[in-house]
Amino acid sequence: IAPILYDTLHELATQLKQGERSFQELEEQANQQLESNGFVRDYIHICRQRDLQPAAPGDHLLVILAAAQLGSARLIDNLEVILN
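Residues numbered from 1 in each chain as written. Predicted model: local features only at pLDDT ≥ 70, side-chain atom pairs only at ≥ 80, totals over all residues. Heavy atoms only, no water.

A. Main features of the overall build of the chain. Tallying secondary structure elements over the chain gives 2 helices and 3 strands in all. Secondary structure of the chain in N-to-C order comes out as α-α-β-β-β. The C-alpha radius of gyration computed for the chain amounts to 12 Å, which stays within 12% of the reference 12 Å derived for 84 residues, consistent with globular compactness. Expressed along its principal axes, the backbone C-alpha trace of the chain runs to roughly 40 × 25 × 20 Å. The proportion of buried residues among the 84 residues of the chain is 33%. Surface exposure of the chain reaches about 5,000 Å², of which carbon and sulfur atoms provide 49%. Mean positive and mean negative side-chain charge positions of the chain (6 and 12 charges, respectively) differ by 6 Å. (Helix = DSSP H or I, 4+ residues; strand = E, 2+ residues; numbered from the N terminus. Rg over C-alpha atoms; globule rule 2.2 N^0.38 Å. Buried < 20%, exposed > 50% of the residue type's maximum accessible area, 1.4 Å probe, protein only. Areas by Shrake-Rupley, 256 points an atom, 1.4 Å probe, with all protein chains shown as cover. Lys, Arg positive; Asp, Glu negative; His and termini not counted. Charge placed at Lys NZ, Arg CZ, Asp CG, Glu CD.)

Dropping the structure here:
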């Protein structure tokens, strides 16, 4: 089940590259996907790479940060996303 966290980040990156910019909605959808697979949400954030502040629609260098509990393990991952 643990690889689902990584898969979720990639799906989120794909949506961003396809032009989705409703960052909070995307984060919530990703959290719900994790929960439906047995994770306990901690956070998923779409941030600017340079300062890790919340992403804004004009930002092009992003990072997706994620943490979730799975059983007794806390899983943490991130994925850089470059938008054209």
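B. Representation of helix 2 (residues 23-36). Between the first and last C-alpha of helix 2 there are 20 Å, a value that for 14 residues agrees with the 20 Å anticipated at 1.5 Å per step. Taken together, the buried positions of helix 2 are Phe23, Leu26, Glu27, Ala30, Asn31 and Leu34. The buried residues of helix 2 occupy one face: seen down the axis, they fall within an arc of 135°. In helix 2, the exposed positions angled more than 90 degrees off the buried face are occupied by Gln24, Glu25 and Ser36. Of the surrounding elements, those touching the buried residues of helix 2 are helix 1 (3-17), strand 1 (40-48) and strand 2 (61-70). Among the residues trailing helix 2, Gly38 stands out with phi positive, at a value near 100°. (Expected span 1.5 Å × (residues − 1). Arc of directions from axis to C-beta. Contact = heavy atoms within 4.5 Å.)

C. Molecular detail of the side chain of Asn31. Along the polypeptide, Asn31 turns up in helix 2. Residue classification places Asn31 among the buried residues on the basis of a relative accessible area of 7%. The residues touching Asn31, leaving out its near neighbours within four places in the chain, are Arg41, Tyr43 and Ile44.

D. Highlighting the side chain of Asp59. Mapped onto the fold, Asp59 is located in the loop between strand 1 and strand 2. Of the side chains with opposite charge, Arg48 lies nearest to the buried Asp59, which makes no salt bridge, at 4.1 Å. With near-sequence residues (within four places) excluded, Asp59 lies in contact with Arg48, Arg50, Pro54 and Leu83. (Salt bridge = Lys/Arg side-chain N within 4 Å of Asp/Glu carboxyl O.)

E. Fine view of unusual backbone geometry. Of note, Leu52 is a non-glycine position whose phi angle comes to about 60°, a positive value. Mapped onto the secondary structure, Leu52 falls in the loop between strand 1 and strand 2. By relative accessible area, which is 48% here, Leu52 ends up partly exposed.

All quantities given are derived from atomic positions and should not be read as evidence of function.
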